[in-house]
Amino acid sequence: MLLKQCTVIMLILMAAFVLAGCGSEEADSRDETDTKAQTGESVNDGAKEGTDDAWVLEYVDAHGEMHNATIDTDLAMHDYDWTNLIKEDGGTLSYSDGRYRTRRGIDISSHQGDIDWAKVKAAGNDFVFVRVVYRAYGEKGQLFADEKARDNITAAQKAGLDVGVYVFSQAVDEKEAVEEADLTIKQLRGLKLQLPVVFDPETILDDEARTDNVSGMQFTDNTIAFCEHIREAGFEPMIYSNMVWEGEMFELDRLQEYPVWYADYEIPAQTPYAFRFWQYSEKGKTDGVQGAVDLNLEFVKE
């Protein structure tokens, strides 16, 4: 009888031990999820599926719609650790991990009107990208120089900001991409830049555009044509991109030699691919600029 009682007691103790272990494991899992949520790390287990050689990324576009992209792990990847991303007062971001630090910047066009560049610099900005050329997205695709570009470039540099420029492209073929590059080079005559010349092959949200039916291959061909023409003129080319283009349009294996200015208003950035600049807001504020302005970070190796 005593033996039977001891056996029952032992079984009860073993069951309690197993249940306690399960409860501890669940608590550890909850703690890990809470930590990830606080640091900005993704807690979506379905966001990354597959093997190390090929996996699928789930991401959201500018409309809030979900997409899936197969990630090519043979391409260059960034190694930023988003637990080191800091949200500062006013919504600005910064990053530092002992390997990289960030510089703050904005991008502007003539739409921002007159800018007080001394105030922009005093607000903590280190750089600016200035629109220099743009093409209309209607059928005719007229090409224009931004009327304030040269004044903005020289005034920003005088205030102590590093300056790069970008082209709002609506090129449907390589000939038009080179035409955009030629006008850019003409507009930059006599000027020096501290940062790259960026090809921004924009898609138009909520409206029809002349580039709507451009294929991914042509999209990539246009980009290379522009960048190589800019390089031949002595400037550093760079590509403006986002996750939709990287996942569904660009033939990224053909563009690995060009640095990337990546646009993504999700925090943290969704792409696993390498990028140098990150445009993280289109609704930012900074002294010296009236109204909303795009906010950017540059990742600089320590």
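Everything below is about the structure shown above.
Quick summary incoming for the structure in this document.

About the cut-offs
Residues numbered from 1 in each chain as written. Predicted model: local features only at pLDDT ≥ 70, side-chain atom pairs only at ≥ 80, totals over all residues. Heavy atoms only, no water. Helix = DSSP H or I, 4+ residues; strand = E, 2+ residues; numbered from the N terminus. Expected span 1.5 Å × (residues − 1). Buried < 20%, exposed > 50% of the residue type's maximum accessible area, 1.4 Å probe, protein only. Salt bridge = Lys/Arg side-chain N within 4 Å of Asp/Glu carboxyl O. Phe/Tyr/Trp six-rings, centres within 6.5 Å; stacked < 30°, edge-to-face > 60°. Lys NZ or Arg CZ within 6 Å of the ring centre and 35° of its normal. Pairing = 2+ DSSP bridges.

## Remarks on helix α5 (residues 216-232)
In this model, α5 (17 residues) spans 24 Å end to end at C-alpha, consistent with the 24 Å of a helix rising 1.5 Å per residue. Listing the buried residues of α5 in full gives Gly216, Phe219, Thr220, Asp221, Asn222, Thr223, Ala225, Phe226, Cys227 and Ile230. Remark: Gly234 follows α5 within two positions and exhibits a positive phi of approximately 95°.

## Observations concerning the pattern of salt bridges
Side chains that differ in sign of charge can pair as their charged atoms come close. Summed over all chains, the structure comprises 16 salt bridges. In this structure, Asp114 and Lys148 form a salt bridge, with 3.0 Å as the shortest nitrogen-oxygen distance. Taken together, the residues Asp114 in the loop between β6 (100-108) and α2 (117-122) and Lys148 in the loop between β8 (143-145) and α3 (149-158) connect sequence positions 34 residues apart. Residue Arg276 pairs with Glu298 through a salt bridge whose shortest N-O separation is 3.1 Å. Here the residue Arg276 occupies a position in the loop between β12 (260-263) and β13 (277-284), and Glu298 occupies one in strand β14 (residues 293-301), the gap between them amounting to 22 residues.

## A word on the packing of aromatic side chains
By the definition in use, this model includes 24 aromatic pairs. Ring centres 6.0 Å apart and planes at 75° place the aromatic pair Phe127 and Phe129 in the edge-to-face group. Summarising the aromatic geometry, the rings of Phe129 and Trp261 are spaced 4.5 Å apart at their centres and angled 20° between planes, so their arrangement reads as stacked. Pair noted here: Phe129 is in strand β7 (residues 127-135) and Trp261 is in strand β12, with a separation of 132 residues, a long-range link. Of the two residues, Phe129 and Trp261, neither departs from the other in class, the shared state being buried. Here the guanidinium or amino end of Arg131 rests over the ring plane of Tyr134, the centre of that ring lying 3.9 Å away.

## Brief notes about the pairing of β14
Summarising burial for β14: eight of the nine residues are buried, a large majority. Two strands pair when backbone bridges link them, and β6 and β14 are joined in this way by eight bridges, in the antiparallel orientation. Within β14, the residue paired with Thr102 across the bridge is Phe299. In terms of strand pairing, β13 meets β14 through five bridges, oriented antiparallel. Its bridge partner lying in β14, Trp278 is registered against Leu297.

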